[in-house]
Amino acid sequence: MNTKISFQGVSKTFELKGGRFLALDRVDLDIADREFVTVVGPSGCGKSTLMGMAAGLVEPGTGRILLDGAPVTGPGPDRGVIFQQYALFPWLTVRKNVEFGLRLQPISAEERHRRAQHAIDLVGLTDFADALPKTLSGGMKQRCAIARAYAVGPQVLLMDEPFGALDALTRVQLQDQLLDTWSRERRTVMFITHDVDEAVYLANRVVVMAARPGRIHRIIDVDLPYPRTEEVRLSPEFSRIRNEVWHSVYHQAPAA
Amino acid sequence: MTAVSVTDPPPSPGRRLRRPGRTLVLNVVAVLAGLGAWTALSMSGITGLTGPVEVAARGVELVADGTLTNDMLASLRRVFTGFALGTLLAIPVGFLMGWYATARALIEPYVQFFRTIPPLAIIPLAILLMGIGETPKVFVIFLAAFLSSVVSTFQGVLDVDKTLINAARVLGASDRTIFLKVVVPASTPFIIVGMRIGLGAAWGTLVAAELIAAQEGLGYRMQQAQLYYDLPTIFVGLISIGVLGLIMDRLLLLAERRFTGWQERR
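Values in this document were obtained by computation on a predicted structure and should not be read as measured data.

### Looking at helix H11 (residues 231–260) of chain B
Because each turn of an α-helix spans 3.6 residues, side chains separated by three or four positions end up pointing in the same direction.
Piece 1. Given a rise of 1.5 Å per residue, 30 residues ought to cover 44 Å, and the 42 Å separating the end C-alpha atoms of H11(B) matches this to within 8%.
Piece 2. Of the residues making up H11(B), those classed as buried are Thr233(B), Phe235(B), Val236(B), Gly237(B), Ser240(B), Ile241(B) and Met248(B).

This is how it looks when you write it as structure tokens:
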């Protein structure tokens, strides 16, 4: 398998009042091309920090992060990032938000419109293309953010608890929709969450992290077929994996 | 996917429904009640207090002989010049302070220091340094407008949501693009609030500025009226200042609605 993102011996220390805090301790993780990896763990396990490093928004302390074999030195349009707080530009319509990244690329206006429209259709916001974010529900806002990330054609999607602020019902709908989008235009996805069900339902592999210091506790393969449906969600096999992940998240042996 | 679109509820409308008609009626009722109270007070025999009728009559007189119009134009010119110069300078300086920590460290002590001095206290100094022409009057108004709006602009730049900046950065935006396409629009609401505060400060300084040997202007007219115990003229001056200030503030409010209508409110 082709490795897309590779974390190699990544550590990060934050200087806090009253001492140093080891946020990540020698993390090694390879994510394959077009793989869907979810990262789950207790708060303070450094999962967001790990993703921030892949995005190029956080500098690793020691170790390195490779994207297609080349070290990550900063943010770039080859990696799309979805934030929990949506981070839509409130003064721009859905369409203009989606076009924001495209305007930074050397493409014609026609090409830009075409690609923006495609991304908007992909997430099902066609009827809301000219609406301002303030008129959208939380779920629609996050779909707009996903369209904005998809539009620039990144090879990697980095999602930091993207559905964390949504109600349970909307969350399930967006999970199905994300998988639907992903299966049609497959990308490498690194998805941070604190929801065990979500982690299992979406992923090829679930990375379970532990806190103090932040490190990888276990990696659990999810051998469930795509497309995932309600049937999968309610299957005994899903429950088995879910229980396994649950135990490794909530019953971690304390660090040696 | 269609299931998502169908069950995704549109955001519910705000709890308080706006009823502009009712608000307007209440506004008019409040103004009429105020005028009524004023009339009652003046008729109850408070020494020297003139009623609305006398004031209106004086207003008509002053308009007829051109005095009021001249005074208004003179005052408006000063307020507008000082306010325009003040806010025009405040916007770039505010951006500079918000965007560059070095600029902030260099400029902020001066801004914070001069902000604590009431503009009126600058007047004696302004007269000695700039004489008694238009310059010192416009200068103190400028200073008042600048100091009150620069703080708001720079606070606005500081308060730009870091997630928005990161969102632009991961889409490939350069610092320049982030500044122009994210920081500037995101801080527009603060800039306009700063302009409104600056306008209030400019009007607030006007009367005092016109104490500096002016030959015309609303503040000058009221000062003269005080010497002659001419209450109706003082009232006309006060009401003119209030009405002009209100009109300018409403104009800025319109600009605010136009440029910052995207904000999520209440």
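### Digging into the domain arrangement of chain A
Bring the parts together and some accessible area is lost; that lost area is often taken as the interface size.
All names here are of chain A.
Piece 1. Here chain A is partitioned into domain 1 (1–28 + 35–78 + 157–256) and domain 2 (89–153).
Piece 2. Counting residues at the interface gives eleven residues for domain 1 and nine residues for domain 2.
Piece 3. Broken down by element, the side of domain 1 that touches domain 2 gets its largest block of residues, five residues, from helix H5 (residues 168–184).
Piece 4. When grouped by side-chain class, the residues that make up the side of domain 1 that touches domain 2 number eight nonpolar, three polar and no charged.

### Here we look at the sheet that holds strand S2 (residues 19–32) of chain A
Residue and element names in this part refer to chain A.
Piece 1. Pairing is antiparallel across the open sheet formed by four strands, whose spatial order is S2-S1-S4-S5. On the outer flanks of this sheet lie S2 and strand S5 (70–71), each paired with one strand and no other.
Piece 2. Bridge analysis of strand S4 (residues 62–67) against S5 gives two bridges, and the strand direction is antiparallel. Its bridge partner lying in S5, leucine 66 is registered against proline 71.

### Side note on the interface of chain B and chain A
Piece 1. Each partner contributes residues to the interface: chain B has 24 residues there, and chain A has 29 residues.
Piece 2. Listed by contribution, the elements that provide at least two residues to the side of chain B that touches chain A are helix H1 (2–7), helix H8 (162–170) and helix H9 (175–209) of chain B.
Piece 3. Grouping the amino acids of the side of chain B that touches chain A by side-chain chemistry returns 14 nonpolar, seven polar and three charged.

### Considerations on the sheet that holds strand S10 (residues 215–221) of chain A
Residues and elements named next belong to chain A.
Piece 1. Spatially, S6-S7-S8-S3-S9-S10 is the arrangement adopted by the six strands of the open sheet, whose pairing is mixed. Two strands bound the open sheet, and with one partner strand each, they are strand S6 (79–82) and S10. Within the sheet, the average angular offset between the axes of one strand and its neighbour, ignoring direction, is 20 degrees.

Criteria and cut-off values
Sequence order as written defines residue numbering, which begins from 1 separately in each chain. To read the labels, note that chains go from A and ligands from 1, taken in the order they are written. Per-residue local features are limited, in this predicted model, to residues with pLDDT of at least 70; the limit for side-chain atom pairs, both in listing and counting, is 80 or more; totals at the level of whole chains, interfaces and linings are taken over all residues. Each helix corresponds to a stretch of at least 4 residues labelled H or I by DSSP, and each strand to a stretch of at least 2 residues labelled E; elements are numbered beginning at the N terminus. One less than the number of residues in a helix, times 1.5 Å, gives the span that helix is expected to have. Remark: C-beta atoms are placed from the backbone, and a residue is labelled buried if 20 or more other C-beta atoms sit within 10 Å of its own, exposed if 12 or fewer do, or partly exposed between those counts. As used throughout, domain bounds are those supplied by an automatic or database domain assignment. Throughout, a residue-residue contact means that the two C-beta atoms, derived from backbone geometry, are no farther apart than 7 Å. Amino acids are sorted into nonpolar (Ala, Val, Leu, Ile, Met, Phe, Trp, Tyr, Cys and Pro), charged (Asp, Glu, Lys and Arg) and polar (every other residue, Gly among them). One bridge is not enough; two strands pair if DSSP finds at least two bridges between them. Axes, fitted as lines to C-alpha atoms, cover a helix only where it is in contact. Angles between the N-to-C directions of the axes lie from 0 to 180 degrees.

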